[in-house]
Amino acid sequence: MFIDFKKKYIYLRPSKTAPEAVMNFFKLPHYDNIFFNSGAFQISSSCCFVDNRDIDGREISKLALEKTKTSYLHYNYNRIKSLFSKEEDFNKYNLIISIRDPYHHAISYYKFQKTQILRRLDEKTNFRFFVYNPIRAFEQHLFFFQSKWSFYIFLKLFYKPYTPWLDPYFNGRQTIIIRCEHIEDDLKAVCKKYELSYSEVKHLNLSYDKKKSDLDTFYNKFSKKIIEKEYSQVLEEFGYSYLNQ
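Summarised in this report is the structure supplied together with it. (Residues numbered from 1 in each chain as written. Predicted model: local features only at pLDDT ≥ 70, side-chain atom pairs only at ≥ 80, totals over all residues. Heavy atoms only, no water.)

1. Notes on unusual backbone geometry
Logical step 1: Phi at Lys8 takes a positive value of approximately 65 degrees, unusual for a residue other than glycine.
Logical step 2: With respect to the helices and strands, Lys8 occurs in the loop between strand E1 (2-4) and strand E2 (9-12).
Logical step 3: At Lys16, a position not held by glycine, the phi torsion is positive, near 65 degrees.
Logical step 4: In this structure, Lys16 sits in the loop between E2 and helix H1 (19-27).
Logical step 5: Judged by relative accessible area, Lys16 falls into the buried class, the value being 17%. (Helix = DSSP H or I, 4+ residues; strand = E, 2+ residues; numbered from the N terminus. Buried < 20%, exposed > 50% of the residue type's maximum accessible area, 1.4 Å probe, protein only.)

2. Examining the side chain of Ser150
Logical step 1: Mapped onto the secondary structure, Ser150 falls in helix H8 (residues 148-157).
Logical step 2: According to the relative accessible area criterion, Ser150 is buried, its value standing at 11%.
Logical step 3: Every residue in contact with Ser150, bar those within four places of it in the chain, is listed here: Tyr110, Phe143 and Phe145. (Contact = heavy atoms within 4.5 Å.)

3. Quick notes on the nonpolar core
Logical step 1: Core analysis: the biggest nonpolar cluster contains 42 residues, and Ile10, Ile80, Leu155 and Tyr219 have the highest contact counts within it.
Logical step 2: No other element matches helix H5 (residues 102-123), which puts 5 residues into this core.
Logical step 3: If sequence neighbours within four positions are ignored, Leu155 has contacts with Ala106, Tyr219, Ser223, Ile226 and Ile227.
Logical step 4: Grouped together as the second largest cluster of nonpolar side chains are 22 residues, Tyr9, Ile96, Ile178 and Cys191 included. (Core = buried A, V, L, I, M, F, W, Y, C linked by side-chain atoms within 4.5 Å.)

4. Observations concerning the packing of aromatic side chains
Logical step 1: If you walk through the whole model with that rule in mind, you get 32 aromatic pairs.
Logical step 2: Here the aromatic cluster, defined as three or more aromatic residues joined through ring pairs, consists of Tyr103, Tyr109, Tyr110, Phe143, Phe151, Phe154, Phe158, Tyr159, Phe218, Tyr219 and Tyr242.
Logical step 3: Between Arg79 and the ring centre of Tyr75, over which it is positioned, the NZ or CZ distance is 4.0 Å.
Logical step 4: Seen from the ring of Phe90, Arg173 lies directly overhead, with NZ or CZ sitting 4.5 Å from the centre. (Phe/Tyr/Trp six-rings, centres within 6.5 Å; stacked < 30°, edge-to-face > 60°. Lys NZ or Arg CZ within 6 Å of the ring centre and 35° of its normal.)

Next up, the structure:
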């Protein structure tokens with residue numbers, strides 16, 4: 001989440017849609033003016049945002065271990081709305097939402113379960129994470145060994161589509177969409193609208209790049225149908241397709 005008080009926009013950051021790169025782009029011009037810092041929640045005179053990375057893009061380990069209300073990064077529309085004392089004040093803001101090809105988003109979310117375990121094993125923090133988050137840790141270990149059928153079960157029982165974040169867009173609220181596949185062009189459009197200075201996007205995580213081989217590795221006809229059902233509006237609106245890769 002990023003709220004610009006002066007330019008009157010709010011960035012909603014669904015997970016696995018290049019949110020780190022977009023957040024870094026928005027927050028860096030304001031970083032020197034932060035006067036309140038409580039966990040991941042930070043406030044300056046011109047903005048507030050929730051992020052678990054420092055100015056150099058390094059993950060803050062304590063926030064990675066603790067999943068609390070102040071360290072959760074992906075505030076949805078209603079959560080952000082609740083931060084405003086008056087609905088009319090909230091309605092003065094336009095929205096910016098990042099999205100991603102749904103087929104690749106699901107794979108990234110799935111592979112993330114294993115990469116997080118490997119990272120914590122390397123950092124020797126896996127047991128601590130289990131103590132803080134036993135249910136989340138158990139879910140991740142279920143999908144350490146990955147295959148087509150494991151992926152299907154993940155989609156069926158555990159996967160969280162980013163579609164709820166797009167409810168305001170499909171309900172007609174003024175919204176700019178940033179597609180992670182076209183992140184530079186879409187951010188330039190944001191800069192033009194809000195008179196922001198454009199600088200080259202710092203990619204903190206390149207895992208969102210398209211990989212056709214991943215589709216063939218993980219998808220079967222049943223998992224394809226899940227994506228087609230969950231993302232029917234998104235596929236139609238933004239032209240994403242399994243065959244158009």
